[in-house]
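# Tertiary structure, described
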Amino acid sequence: MTTLDTFKTNDYSKINTKGSFTFSAPSNIALVKYWGKKENQIPANPSLSFTLNNCKTVTTLQYESKAEKNVSFDLLFEGQPKESFRPKIQKYFERIQDLCPYILDYHFTIDTKNTFPHSSGIASSASGMAALSATIIALEKLVNPHQTEDYYLQKTSLLARLGSGSACRSIKGNIVVWGETESIENSSDLFGVEFPYEVHSVFENYQDTILLVDKGEKQVSSTVGHDLMHNHPFAIRRFEQAHENVVKLKAVLKSGNLEQFIALVESEALTLHAMMMTSIPYFILMKPNTLEIINQIWKFRETTNIPICFTLDAGANVHVLYPEMHKTEVQDFIENELSKHCQNQQFIHDEMGFGIQSIVNL
Ligand code: DP6
């Protein structure tokens, strides 16, 4: 059985040198939502996501060997010092140091940039933690090159999870499951796995346009939201429902039945927000324009019969999901109608992607 101990790197050599690695990692959008966690970033329920392609973080890790053993790093955002990221990255290194003791032998300079607009309100923690973890594993391959490619990929996902839960679903594959559940073979609480079953061609290159409804700082962070699932009056039933929804979605992904797909995905999104609204204390992250957009999507679907639907993350923004064959009509509708309800008319067209990529430094 794969346990956390499987991923402890005890044998490694110290490379007395410096160098760098650059990786890009995409964001992902959950269809079955992760909301609620146990100790050590173990999810309270399984989740399933589509990997995205255009919303990416690109991270360069420069490493330089040093004599003393400790966590030591400088942080840059687009080449400029960015101290506000430090607490999160410090916590990440502390969480991974038992699994990756070699990190203590190096000083790191971490330079990050995003392909999506600054302060667009899009959570960059999934792509950011996935990209950083990819660079750490590239270093591990140098100091301990004796593992299989599968091991390194699983460990990349595991490290990403310790940075931010949803990040573990941004490493490999276009459809990813995270969280142990009976219906998905080899699923794990420790890392994300590629959805291992047949998928209907209607889902190939599925489209996701992200409507930027509110770019402000969220009033309640995901961390606080997850925490409020402890002692939540509906938590136990919700966690069971997520397992059931993975079973249903597995069948829908095979059959290509978009009516059932839409019903499940929209229900998951509204259930996530219902959990927020019924937490104690309760909170609301949707804005009036979130609801306006949802209503317009429903109206458009009814009048055109085009199978578009929405999902939401932990914020006011709306993800519009649709098959590639309807791209032109849906993107016209978004540009002409839905964009009016976005902050500064901003939206980002994205689509399914496949995970991390190594970028060779020239
Ligand atoms: C609503 O992964 O941001 O987007 O593990 O605390 O970093 P942490 O939380 P995070 O939570 C994401 C929640 C979600 C649903 C999802 O992506 O599954």
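In this text, all values refer to a predicted model and were calculated from it rather than measured experimentally. Starting from 1, residues in each chain are numbered consecutively following that chain's sequence as written. Given that the model is predicted, a residue must reach a pLDDT of at least 70 before its local features are reported, and side-chain atom pairs must reach 80 or more before they are shown or counted; all residues, however, enter totals for whole chains, interfaces and linings. Side-chain measures here rest on the full set of heavy atoms in the structure, leaving out hydrogens and waters.

## Some thoughts on the site of the ligand
- Taken together, the neighbourhood of the ligand is formed by 14 residues, with Tyr34, Ser164, Gly165, Ser166 and Arg169 sitting nearest.
- In this structure, an oxygen atom belonging to the ligand sits 2.7 Å away from a side-chain N or O atom of Tyr34.
- Lys37 is positioned such that a nitrogen or oxygen atom in its side chain is 2.8 Å from an oxygen atom of the ligand.
- Accessible surface area values rest on a Shrake-Rupley calculation with a 1.4 Å probe, where residue burial reflects the displayed protein chains alone. Bound to the protein, the ligand loses 91% of the 460 Å² it would expose on its own.
- Ten residue types, Ala, Val, Leu, Ile, Met, Phe, Trp, Tyr, Cys and Pro, are classed as nonpolar, four, Asp, Glu, Lys and Arg, as charged, and the remainder, Gly among them, as polar. The residue makeup of the shell around the ligand, split by class, is five nonpolar, six polar and three charged. Near is defined per residue: the residue qualifies when any heavy atom it owns lies within 4 Å of the molecule or strand. Two N or O atoms count as a polar contact when they lie within 3.5 Å, although within protein this holds only if one can serve as hydrogen donor and the other as acceptor, and sequence-adjacent residues are included solely when both atoms are side-chain atoms.

## Some points on the nonpolar core
- Phe50, Phe93, Phe108, Ile136 and Phe261 are the most contacted members of the largest nonpolar core, which totals 76 residues.
- Each helix is a run of DSSP H or I of at least 4 residues and each strand a run of E of at least 2, with the numbering of both proceeding from the N terminus. Residue contributions to this core peak at eleven residues, all from helix 2 (residues 125–143).
- Residue contacts are defined here by distance: any two heavy atoms, one from each residue, within 4.5 Å place the two residues in contact. Phe261 has contacts with Leu31, Phe50, Phe203, Tyr206, Leu249, Val252 and Cys309, leaving out every residue within four places of it along the chain.
- Residues Val213, Ala269, Phe333 and Ile334 belong to the second largest nonpolar core, which totals 21 residues. Definition used in this section: a nonpolar core is a set of buried Ala, Val, Leu, Ile, Met, Phe, Trp, Tyr and Cys residues joined via side-chain atoms within 4.5 Å. For every residue, the accessible area (1.4 Å probe, protein chains only) is compared with the maximum for its type, and the residue is labelled buried under 20%, exposed over 50%, or partly exposed between those bounds.

## Looking at the pattern of salt bridges
- In the sections that follow, a salt bridge refers to a side-chain nitrogen of Lys or Arg positioned within 4 Å of a carboxyl oxygen of Asp or Glu. Counting across every chain of the model gives eleven salt bridges.
- One salt bridge connects Arg237 with Glu244, and the closest N-O pair in it is separated by 3.1 Å.
- According to the relative accessible area criterion, Arg237 is partly exposed, its value standing at 44%.
- Since its relative accessible area comes to 34%, Glu244 is described here as partly exposed.
- The salt bridge involving Arg238 is made with Glu268; its shortest N-O contact spans 2.8 Å. Highlighted residues: Arg238 in helix 5 (residues 235–255) and Glu268 in helix 6 (residues 258–277), separated in sequence by 30 residues.
- Salt bridges sharing partners connect three or more residues here, namely Arg237, Glu240 and Glu244.

## A few points about helix 8 (residues 327–336)
- Here helix 8 has its buried residues at Val330, Gln331, Phe333 and Ile334. Taken end-on, helix 8 shows its buried residues confined to a sector of 155°, consistent with a single buried face. Opposite its buried face, helix 8 presents the exposed residues Thr328 and Asn336, each directed more than 90 degrees away.
- On the buried face of helix 8, the contacting elements are strand 10 (207–211), helix 7 (288–304), strand 12 (318–322) and strand 13 (347–351). By definition, the arc is the one covered by directions from the helix axis to the C-beta atoms.

In short, shape yes, function no, at least from these values alone.
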